[in-house]
Amino acid sequence: MTVRAKLAAATPGLRGAISRPGERRRAAYRRHNLAGYTFIAPWLICFFAFTLIPMVASLYLAFTDYDILSATPHWVGLRNLQRMFFEDPRYWRSVRATFYYVMIAVPMRLAFALGVAMLLNTYRRGVSVYRAIYYAPSVVGGSVAVAVMWRQIFGTDGLINAVTRLFGIAPVTWLGNPRTAIWTLIVLAVWQFGSPMLIFLTGLRQIPQEMYEAAAIDGADAADRFFRITLPLLSPVIFFNLVMQTISGFMVFTQAFVVTGGAPLDTTLFYSLYLYQRGFDNFQMGYASAMAWVLLVVVAFFTALVFKSSSYWVFYEAKEGA
Amino acid sequence: MNRNRWPIVLGVVLALSLALSACAPAATPTPQPKPATAAAQPTSAQAQPTTAPTAAQAQQPVELRIVWWGSQDRHDRTIKVINLFMQQHPNIKITYEFVAWADYWTKLATQAAGEGLPDIIQQDYAYIGEYTNRNLLLPLDDYVKSGVINTADVTPAELDGGRVNGKLVAINLGSNSQCWVLDVDAFQKAGVPLPAPDWTWADMEKAAMQIHDKLGIWGMGPGLWDEQIWASLYLSLGQWRYNADGTAIGYTDDTPYVQHLERMLRLEKAGAIVPRAEDVANYYGKSVEAQPIVEGKAAMAYFWSNQIVAVWKAAGENRNFKMVPLPRMEGGKSANYIKPSQFWSIAATSKHPKEAAMFIDFFTNSVEANEILMAERGVPISSKVREALKPKLGKSQAAMFDYVAEVSKTAQPIPPADPPGHNDIVKNVLYPQVADPVAFGQLTPAQGAAVLRKEANAILAKNKK
Amino acid sequence: MGEAPTLAWRQRKQQRAFVRSVLYHLIVSILGLAMIYPLLWLFASSFKGPSEIWTHITSLIPEHFTLQNYINGWAGFGGIRFSVFYKNSFIYAGLGTVIAVLSSAVVAYGFSRIRFAGRDLWFACMLATLMLPVQVTIIPQYIFFRRLNLLNTFYPLLLPRLGGQAFFIFMIMQFIRGIPKELDEAAEIDGCGKAGIFFRIILPLIQPALITAAIFSFYWTWEDFLAPLIYLNSPKLYTVSLALRSFADPSGSTDWGAIFAMSGLSLVPVFVVFVAFQKYLVEGIATTGLKG
C-alpha cells in the first residue's frame, strides 16, 4: 500500500478520500487545528474566563487613580507613568534592588541546583535521604516561620556570625547593613534551590546511561562527558529553568515581604513588594497597576531574549524542534 | 468511535462542565438594602430604655458578619464573647472572620472594592480617616444619642478618638497610651535614680548614657525613630505635626526634630542605644516578645501600654518593670494622650446597623463579656467595667490599668486623626528618605528634617480641595 | 583495562572506591547539615517554653523540653482545631494538584506536539500570565467571583486550575520535546489519532515530569495564602497556611512557640508527599522506544 493509501485508511472520518497533494496538505493542517485547539481548550477557556479580564482591567486601572476604596476610578492618562519614572526615587531603588537580585540570585541558584543534582544523580546508598535533606529548605517557602528563622540566623547573635567568629571576623549586622541586607535574601533564594534541583535531576535521569558508557569506551574524560553529553542533552531543561527562574526572580515578593520588609534604606525593596505597598498600604492601586504593566513589559523582553537565544544552544531530541 | 472524535468530545465535555459551573449561581447583583426596616428600627429604639436586649427578640432573624485582626489569644476570647451575645439574642446570628494584622488591610480593602464589607469591622486610628473619607463607615452619633450604644460610663475623651470630621464613626475598644518601660533592677544596679513622670528628653539621654557606662548594656531599646515619637516632640509643645485641614506640615520650627535626630546620633555613637542597623536587622517587625528589654539587653523601652502584658509574660513574672510617660520637651507639657487601641465600626453598607450597634454596646458595657476579654485590647472605656475587672487583674494588667488611669489625669486631648497621605509619608518618606539616611550618615539631621518637610508637604498638598 | 584482575588489584580498587565513598558522604552530609540547620532550629524552638525561646535563642537543645506549644497550637482558634485546617489544606492542595497536573499535561501536549494556527500567540499569552504580578489582578478577579456569588467557597481557588498552570504546562512541554518524534510517527502509522498518541505514548513516558509537577504543585498550593486569604471568609474553611499567619500579631501577644510547633507540623505532609513520590523519580525513564 502506498503511504497515501495508508493514511487514507487510518483516517476514515475525514471528509472522504484524500486525492490531491494540496488538498492533503490543507486537510492535514485543518485536522491539526482542531486537535490543537481541543487540547489547549481547557487552558484557553480558563484564560478567557478568569485571567484575561482581570489583566485587561489592571491595564485600564494603570491609567487611573484607582484607590480601591472608592468605587469609581478617574482617568489620569500617563500621570502614573510620569510620576513613576521622574518623580519617585523609591521606584528606582526598587528597580535597582530587583535587578541586582536577578543578576546574582538566579545564576547562583541554577548553578547550585545543577551541581547538587549531579551530585545526587547516583545510585549510592542513602541518596534518597540526601535528596530529601536538600529539598527540605524549599518546602519551608515563605512562611511566617521562615522569616523568624532567617532573621535569627543572620542576627547579631545568630549562626552566621558564630561561624565567622570562628574565622576571626567581627560580627556583621547582616540584616541592618544596607550593603549586606540583600545578600540575606539572595542566600535565602539559593538555600531554597530544591525546585530547580528536582527538575534538573529528572532531566538527568532521562539521559540514558548507554551514552556515558559509549563515551567512556571512546576515551572521553569527565569534562568531556559533561560538556558534550550532559549539557546538550540537558539543554531543554536548562532552558526551562532559566526562563522560569528569571521570571520568578523578577517577581520576587514573599521572602522580602516577611523577612526584611524592604529595609534598610530600601535595599531590599523589590519591585513587587513596592507595588504591593503602593497598592494596598497607600491605596494607590492605579499607580501599582502601572508599575505592574511596566514589569510585564520588561520581563517579557528578557524572556523573549532567552527564547531567541535558545535556537543556538538548546538541543531537542525530537527532530522537528520547537 | 473514531479516534479523531476523541479530542472533540473531550474538549466539548470540558467546556460544558466549565460553563455549567461558572453559570450555576447566576450572576446576581448585590441585593438592595431595605430602607423601610432600617429606618423603622432607630425610631422604635428611641422609645426603649437603654440596655434592654429583650426588645430585639420580637424581631426577625438577623445575620451579621464581623471581622477583626489579632492573635490566637484574641481570636479565642472574641469568639467566646460572640457566642455569649448570640445566646442572649437568639435571633441574631453572627458569622466571624479574622486574619493576621499583616493581611488585614489587604483583605478589608479587597472586600471594600467588591462591596462586601462585613457589618462590624475592627478599625485602627491610622485608617479610619481613609475609610471615612470614602463614606465606608456609618456615623454612630444617632445610636449613641438614642442609647442603643450606651455611653453613660464613658468619658467624652475616650470617645473622641473615634471622631472623624466631627462625626463618631468608631467606638473605642480599649484605651492605650504610650509609655516608657523601665527595668527597675537595671536602674538600681547602675545606681541611676528612676525618672519622674515629668522627665525631659535631656533626662532620658542622661539616664541612657549613665546606664550604658555603668552596665555596658543599651540604655534604651529601639523605637526612637518611630513616627509617633516625631509627633510627640511637637505635641509636647502644644503643636500638631499636621495643619488643621491636613494639607501641610503643621509646625514651622524644625529645631525640635533636628535636635532629636542629633540626640539619637549622639546616643548611637556612645553605644547607649540600639544602632539603627541592628534595629532594622533584629527588631524590625518583630513582636513585642523579641525586644531587647525582655532579654535584659536594654534598660528602657518604648511601648504602647497594652503591650506591657506581653512584655512581662515573655520576660518572666519575676522582673520589675515600671511604666512612665513619654519624655517631654524642655518647658513643655505631657506629650501623652489617650488613644484607642482599636475600634469597632459599622460598615455603611450594613443592612442591620441597629443589631450591629447592639453588639458594640454589649462589647463595651457587658461585665460578663469583658471578664472574658480581660482587657486584651486595652483598658476598657466603661468605668463600670473597669471597676468590675480590677480585682481579677494579673500583675501586668493591673500595672496597665493604673498607668492609664494615672496618665489620663495629665494627658492631652487626642490629636486629630492623621490626614490621608499620612501612611504615604511614613512609609515612603520618614523611614526611607529621612530616618535611614540620617542614621547611616548620608544626610545631616538638618538636611533630613528639610527633606521631611518638603516631601511631606508635597504629599499633603494633594489634600487641598 | 590493562592489568589482570589479581587479588591485589581488586583490593586496591575496593580501597579507592571506599575512600571515594567516604569522601562523597562527608561532603554531601556537611553541606546537607548546613542546609537543614534552620529547620532544626525551628523544631528545637517548638519544644521550648515561651520565656526560653527569646532568651536562649541560639541553643538547639531546649533547657526545659515541653510539648505545650504543640497542644496550644493544635487548639487553633475558638474551638476550630488544627485538624480542620489540615483537612482544608489537603482538599485544596490535593484536588488542586490533581486538577492542575492533569490539565497541564493535556495542554502541554497540545502546545508541543501539534501544529496549529495561532499556537505561538497563545503560548506567548500563557507565558505572559506569569509576568503580571498577582497583586494587581486580584481585585478584579475578586469582584468577578463576587458577582458569581462564589465567595467563601473553594471554587475560586480550584476553578482556574482546570486550565492547568503555566509553569507546569511549560515544564511538561520541555519533557515532551525530549521524546523522539519517531514514536509518534510509528503510532500514527498504526492508526492512532492525536489523542491516542497522547494517552498511549506520551503520557506513560512523561511520568517523571508529572510526578515532579505533582510534588511542586502540592507544596506550592499548600503554602499559598493569598488566594485563601481573599476568597475564604469563614475560619472553618481556612487552610493551614492562612491559620498560621493568623497566629501572629505584632501589636499584641504572639505565641511564637505555637507558631513554630504548627509550622513544623505543617511541613510534615509536604515532606511525606515528597518522600513517597521521589522513588518514582529514581527510576527515571528509558527512551527505549528506539531500541536497536
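Parameters and conventions
- Residues numbered from 1 in each chain as written.
- Chains lettered and ligands numbered in written order.
- Predicted model: local features only at pLDDT ≥ 70, side-chain atom pairs only at ≥ 80, totals over all residues.
- Heavy atoms only, no water.
- Helix = DSSP H or I, 4+ residues; strand = E, 2+ residues; numbered from the N terminus.
- Buried < 20%, exposed > 50% of the residue type's maximum accessible area, 1.4 Å probe, protein only.
- Contact = heavy atoms within 4.5 Å.
- Pairing = 2+ DSSP bridges.
- Axes fitted to C-alpha atoms, helices over the stretch in contact; angles between N-to-C directions.
- Buried area = accessible area lost by both parts, 1.4 Å probe.
- Salt bridge = Lys/Arg side-chain N within 4 Å of Asp/Glu carboxyl O.
- Polar contact = N/O pair within 3.5 Å; in protein donor to acceptor, adjacent residues only side chain to side chain.
- Right-handed = clockwise from strand over helix to strand, strands pointing away.
- Core = buried A, V, L, I, M, F, W, Y, C linked by side-chain atoms within 4.5 Å.
- Domains from an automatic or database assignment.
- Nonpolar A, V, L, I, M, F, W, Y, C, P; charged D, E, K, R; others polar.

*Asks:* Can you help me understand the overall build of chain A in this one?
*Replies:* Of the regular secondary structure elements, chain A holds 14 helices and 0 strands. Within the span of chain A, comprising 322 residues, buried residues form 56% of the whole. Of the contacts formed within chain A by residues at least 6 apart in sequence, a portion of 67% connects residues at least 24 apart.

*Asks:* Looking at this model, I keep getting lost on the sheet that holds strand β2 (residues 92-99) of chain B. Mind explaining?
*Replies:* Strand pairing in a sheet takes place through backbone hydrogen bonds and is either antiparallel or parallel in direction. Residue and element names in this part refer to chain B. Sheet architecture is open: 5 strands sit in the order β2-β1-β3-β13-β6, paired in mixed fashion. The open sheet terminates on both sides in strands that have one partner only, identified here as β2 and β6 (171-172). By the bridge criterion, 4 bridges tie strand β3 (residues 120-123) to strand β13 (residues 343-346) in an arrangement that is antiparallel. The partner of Q122 across the bridge, within β13, is W344. Where helix α15 (residues 353-365) meets the sheet, it contacts β1 (62-69), β2, β3, β6 and β13, and its direction lies at approximately 170° from that of β13.

*Asks:* How should I be thinking about the interface of chain A and chain C in this particular structure?
*Replies:* Interfaces are often described in size by the accessible area the parts lose on coming together. Listed as interface residues are 100 residues of chain A and, on the opposing side, 97 residues of chain C. For the pair chain A and chain C, the summed buried surface comes to about 8,900 Å²; carbon and sulfur atoms form 74% of the total. The largest contributions to the chain A side of the interface with chain C come from A:F39, A:W43 and A:F50, which together make up 9% of the buried area. Linking chain A to chain C there are 0 salt bridges. Run the count over chain A and chain C and you get 12 residue pairs in polar contact (both at pLDDT 80 or more). In terms of residues, the side of chain A that touches chain C owes the most to one element, helix α2 (residues 21-61) of chain A, which gives 21 residues.

*Asks:* I keep staring at the pairing of β1(B) and nothing clicks. Help me out?
*Replies:* Consecutive side chains along a regular strand alternate between the two faces of the sheet. Residues and elements named next belong to chain B. Burial within β1 is extensive, with 6 of its 8 residues counted as buried. Alignment of β1 against β2, held across 8 bridges, turns out to be parallel. Paired with R65 across the two strands is T95, which belongs to β2. In terms of handedness, the path from β1 via helix α3 (residues 72-88) over to β2 forms a crossover that is right-handed.

*Asks:* Would you mind going over the nonpolar core with me for this structure?
*Replies:* Among the nonpolar cores identified, the biggest contains 316 residues, and B:Y131, B:W180, B:Y257, B:M300 and C:F111 are the most heavily contacted of them. By residue number, the principal contributor to this core is helix α4 (residues 89-120) of chain A, which donates 14 residues. Those residues in contact with B:Y131 that sit more than four places away from it in its chain are A:L69, A:F283, B:W105, B:L108, B:A109, B:Q123, B:L136 and B:L137. Formed by 27 residues, the second largest nonpolar core is a distinct cluster that contains B:C179, B:V181, B:A301 and B:F303.

*Asks:* When you look at the domain arrangement of chain A in this model, what are you seeing that I'm missing?
*Replies:* All names here are of chain A. You can read the domains of chain A as domain 1 (2-61) and domain 2 (87-320). The partner domain 2 presents 4 residues to the 4 residues of domain 1 that form the contact. Of the roughly 380 Å² buried between domain 1 and domain 2 on both sides combined, carbon and sulfur atoms contribute 69%. Classifying every residue of the side of domain 1 that touches domain 2 by side-chain character gives 3 nonpolar, 1 polar and no charged.

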